[in-house]
Amino acid sequence: MRALECTPTVPGYALARVAGGTRGGPFTMLRLTHRPPPELLGEGWVRLRPRLAGICGSDLSALRGHASPYLGALASSPFVPGHEVVATVDGGGGRWRDGSRVVVEPLLHCGVRGVVPPCPRCAAGEPQGCESVAGDGFAAGLQSGYCAATGGGWAGEMVAHQSQLHEVPAGLDDRDAVMVEPLACALHAVLRNPPGPDDRVLVVGAGTLGLLIIAALRHAARPRRVIAVAKHDGQSRLAARLGADVVCAPDVMLRTVRFETRARLVEGRAVAPFLLGGADLTFECSGTASGLQSAIGCTRAGGTVVMVGMPGRASIDLAPAWHRELSLRGAYAYGVETAGGTAVEPPRRTFAIALEAAQALRPGRLVDDPLPLEDYRRALTRAASAGSRGAVKVAFAPQGEG
């Protein structure tokens, strides 16, 4: 089968950071190849033919050598990337019929790995914190798309456990469906950190995750105000369309949040200006050190900063977080939602909530025309420059339908 295969190495990461691993060329860790399809891993495993597979910011970070080595230790290689997947079932049994159209919930937790008894986090209903991902049951991997045994969506075939699959409602097209995974991430972040009705919420970054956080805030919560920070004009228009009350550029974020929250501006001698007061709740979606520093500096004492974008190694002044007694929290993936916003009674899997939300939000409008695997260099370049081009999500059509 045709596949885009990634083989990370320490020299490869170092060279990718210098040369830009998404541009192709001699230093890229990604190559188009022909390889045998992955084997079914036991009873209940299903073979899939990906219809669309998105390019996530975490994929770009890995290919450009910016992902944390911590994550590399929780993957196995060579792997086929692609964890945002809508696919057709094509054999293997289980409860799924051939031809079913499904989205993949890519977490490779104890239930998927057949680990008995499950780890403490899975037993507690928190599969996103699974402690078996370093290789219990089969090869290491946090998710499909980072595991050598399962493959990923950037290929003609992959395998998944039947419990990872969710049927796509007839009313959703493939572009809507390929956005269900990032939408689930956004809903998880909001439902685990629900704003109050009087809260002023700041969203830093307006790429795919930032825009979907805004949509999730309007769909599953009722904050008083949503202030979005967008770098490009196209992102600003989309942020407003999805429900942001105010949208500003990064260079006027401090001034905008100050005006919206009546905070006090402080300008020191050897420190960038910051606020005393600010947003009640901030979602940091850029995954950058500067974004996190700004988020901390614009959040009021006692407030919460949620890291939604995938961070890496960073040099950040944490004194404001200490002084303000901020809650600094991560929001990774999805799981089972049991408390918070308006959509979680009784407890439900985040993916089920996301599939319902997708029918109202129609996130497929944020997806570019898909490209075939052969055009991977162009696709990665387009994904890396999506914001400046007025685009959001770039996806592959692995069966060559792009």
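Higher on the page you've got the structure.
Parameters and conventions
- Residues numbered from 1 in each chain as written.
- Predicted model: local features only at pLDDT ≥ 70, side-chain atom pairs only at ≥ 80, totals over all residues.
- Heavy atoms only, no water.
- Helix = DSSP H or I, 4+ residues; strand = E, 2+ residues; numbered from the N terminus.
- Rg over C-alpha atoms; globule rule 2.2 N^0.38 Å.
- Buried < 20%, exposed > 50% of the residue type's maximum accessible area, 1.4 Å probe, protein only.
- Areas by Shrake-Rupley, 256 points an atom, 1.4 Å probe, with all protein chains shown as cover.
- Lys, Arg positive; Asp, Glu negative; His and termini not counted.
- Charge placed at Lys NZ, Arg CZ, Asp CG, Glu CD.
- Phe/Tyr/Trp six-rings, centres within 6.5 Å; stacked < 30°, edge-to-face > 60°.
- Lys NZ or Arg CZ within 6 Å of the ring centre and 35° of its normal.
- Salt bridge = Lys/Arg side-chain N within 4 Å of Asp/Glu carboxyl O.
- Core = buried A, V, L, I, M, F, W, Y, C linked by side-chain atoms within 4.5 Å.
- Contact = heavy atoms within 4.5 Å.
- Pairing = 2+ DSSP bridges.
- Axes fitted to C-alpha atoms, helices over the stretch in contact; angles between N-to-C directions.
- Parallel < 35°, antiparallel > 145°, perpendicular 65-115°, else oblique.
- Left-handed = near helix turned anticlockwise from the far one by under 90°.
- Nonpolar A, V, L, I, M, F, W, Y, C, P; charged D, E, K, R; others polar.

**Focus: the overall build of the protein chain**
Reasoning step 1: Per the secondary structure count, the protein chain includes 15 helices and 18 strands.
Reasoning step 2: For the protein chain, whose C-alpha radius of gyration is 21 Å, the value lies close to the compact-globule estimate of 21 Å for 402 residues.
Reasoning step 3: Overall, the protein chain is about 60 × 50 × 40 Å in size when its C-alpha atoms are taken along their principal axes.
Reasoning step 4: Here the protein chain holds 402 residues, and 55% of them are scored as buried.
Reasoning step 5: Carbon and sulfur atoms make up 51% of the accessible area of the protein chain, which amounts to about 16,900 Å² in all.
Reasoning step 6: Across the protein chain, the 42 positively charged side chains and the 36 negatively charged ones have centroids separated by 6 Å.

**Remarks on the packing of aromatic side chains**
The description of two aromatic rings rests on the distance between their centres and on the angle between their planes.
Reasoning step 1: Counted by the stated rule, this structure contains four aromatic pairs.
Reasoning step 2: Note on Tyr334 and Phe351: the rings are 5.0 Å apart at their centroids and 85° apart in plane angle, and the pair reads as edge-to-face. Of the two residues, Tyr334 is situated in the loop between strand 15 (327–330) and strand 16 (336–337) and Phe351 in helix 13 (residues 350–361); the sequence distance between them amounts to 17 residues. A single burial state applies to Tyr334 and to Phe351, both of which are buried.
Reasoning step 3: A cation over an aromatic ring shows up here: Arg113 above the ring of Phe138, its NZ or CZ 4.5 Å from the ring centre.

**Regarding the pattern of salt bridges**
Side-chain pairs of opposite charge can arise whenever the charged atoms involved come near each other.
Reasoning step 1: Evaluated as defined, the whole model comprises 22 salt bridges.
Reasoning step 2: One salt bridge connects Lys393 with Glu84, and the closest N-O pair in it is separated by 3.0 Å. A residue pair is termed long-range when its members are at least 10 positions apart, and Lys393 in the loop between helix 15 (386–389) and strand 18 (395–396) and Glu84 in the loop between helix 3 (69–72) and strand 4 (85–89) qualify at 309 residues.
Reasoning step 3: Among the residues examined, Lys393 registers a relative accessible area of 3% and is labelled buried.

**Remarks on the nonpolar core**
Reasoning step 1: Counting 57 residues, the largest nonpolar core has Val103, Leu183, Leu187, Ile213, Ile214, Leu217 and Phe283 as its most contacted members.
Reasoning step 2: When residues of this core are traced back to their parent elements, those giving at least two are helix 6 (174–178), helix 7 (180–192), strand 8 (200–204), helix 8 (208–220), strand 9 (225–229), helix 9 (233–242), strand 13 (279–284) and helix 13.
Reasoning step 3: A per-element tally of this core places helix 7 first, with nine residues.
Reasoning step 4: One finds Ala3, Ile55, Leu63 and Leu371 within the second-largest nonpolar core, a separate group that totals 22 residues.

**Considerations on the side chain of Thr350**
Reasoning step 1: With respect to the helices and strands, the residue Thr350 is situated in helix 13.
Reasoning step 2: The exposure class assigned to Thr350 is buried, which follows from its relative accessible area of 0%.
Reasoning step 3: Leave out the neighbours within four places in its chain, and Thr350 touches Ala184, Leu187, His188, Tyr334, Gly335, Val336 and Glu337.

**Things to note about the pairing of strand 5 (residues 101–104)**
Reasoning step 1: Across the two faces of strand 5 the burial is the same, with Arg101 and Val103 and Val102 and Val104 all buried.
Reasoning step 2: Here three bridges tie strand 4 to strand 5, and the two strands are oriented antiparallel to one another. Bridge pairing in strand 5 places Thr88 opposite Arg101.
Reasoning step 3: Direction of pairing for strand 5 relative to strand 7 (residues 165–167): antiparallel, over a ladder of three bridges. Opposite Val102, over in strand 7, you have Glu167 as the bridge partner.

**Re the packing of helix 8 against helix 9**
Reasoning step 1: It is the contact of helix 8 with helix 9, at a shortest axis distance of 9 Å, that shows an interaxial angle of 15°. Considered as vectors, helix 8 and helix 9 are oriented roughly parallel to each other. Crossing of helix 8 against helix 9: the hand is right-handed. On helix 9, the residues that touch Leu211, Ile214, Ala215 and Arg218 of helix 8 are Gln235, Leu238, Ala239 and Leu242.
Reasoning step 2: In terms of residue class, the contact of helix 8 with helix 9 is made up of six nonpolar, one polar and one charged.

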